[in-house]
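Working through the structure, step by step
These are the residues of each chain, in order.
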Amino acid sequence: MNIQPSETQLKKWAEQYVPDKDLFFIQEEDLALFEEEIRPVLLIPKDEFFNHASYRQIQLANSFEYWNLSKEANFVIVASENWIKELPPSKKERLLQTQLKMNRGLIFPLSYFSEVPLFLNENAVNEKEVEWIVLTADFWKRLSVPIKENLMKKYAQQWDEWTSEETPEDLPLIIKKYANTFPTEGGSNCLAATLFAVSGQEWIIHEWVHPQTFKEKLRRTHQLVETADLIEGDVAVWESADGQIQHASYHIGNQLFFNKNGQTFFNPWKIIHFRELQPEWSQYAINIYRKK
């Protein structure tokens, strides 16, 4: 079956996706160019930035895609939404080009935009004959709602397939409520979705659960079993060679899983067959945990 976010969810995504202040990632060699312009901003060294509680918030991480950033980024400029508008054109272009080079999130090819407002070129940069648009706080606010929602829909489909298995009729109501739907906020990950299904505690599905927390919770209800035959209530955990959890999912029966890939609101909670789930994680060892 096909699934898609509701209008309410799209509206929420658009409200949260671009933060109300800008983050620009630069190299130390760029500092001299912006020496005068950085006086009204915060210039944060990379190590301090990633250890700062304010900037480790899940939605900031998801929007700017911290995990994809170039290791060459040495500093982070934290600026109000008006700062970039006051830069000299040549310096603004250099800064936007640098964001592309640093592999910052919130950058899209021009083709992703359903309409081309007059101001779109203000944040455009070119690379290898492709025109890219770098989203900033002020720029995002000026886009129309339909442009924002169309962009969200197009981008979301790069994160996960909008197809799923049908929701079984006998699925517990608390799981059925979320099956084949999208979150309205970022943070919920595969470990949270699995523990929610195991415990029946609805609030857990919205948490950002880390591996050790997951292990502590699971070991109290489940035990490792040596079998390839799945039964309802089993938990599949994919682990790397050094024992690091890479993914987990809850078996609802008949080779179907209640599953979530990733921690963004672009990743739906959906019903997926084992034949589709296993190939995604086949580079890792799968372990099956069963209710005690």
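Rules used throughout
Residues numbered from 1 in each chain as written. Predicted model: local features only at pLDDT ≥ 70, side-chain atom pairs only at ≥ 80, totals over all residues. Heavy atoms only, no water. Axes fitted to C-alpha atoms, helices over the stretch in contact; angles between N-to-C directions. Helix = DSSP H or I, 4+ residues; strand = E, 2+ residues; numbered from the N terminus. Parallel < 35°, antiparallel > 145°, perpendicular 65-115°, else oblique. Left-handed = near helix turned anticlockwise from the far one by under 90°. Contact = heavy atoms within 4.5 Å. Nonpolar A, V, L, I, M, F, W, Y, C, P; charged D, E, K, R; others polar. Buried < 20%, exposed > 50% of the residue type's maximum accessible area, 1.4 Å probe, protein only.

1. Description of the packing of helix α8 (residues 190-199) against helix α9 (residues 211-218)
Contact pair α8 / α9: the axes reach a minimum separation of 10 Å and the direction vectors enclose 15°. Relative to α9, the element α8 lies roughly parallel. Two packed elements cross with a definite hand, and for α8 against α9 that hand is left-handed. Two secondary-structure elements touch here, α8 through Leu191, Thr194, Leu195 and Ser199 and α9 through Pro211, Phe214, Lys217 and Leu218. Its residues assigned to classes, the contact of α8 with α9 comprises 5 nonpolar, 2 polar and 1 charged.

2. Quick look at unusual backbone geometry
For Lys128, which is not glycine, the phi torsion reads 50° and is therefore positive. Residue classification places Lys128 among the exposed positions, given a relative accessible area of 76%. Non-glycine residue Asn180 carries a positive phi angle of around 65°. With a relative accessible area of 11%, Asn180 lands in the buried category.

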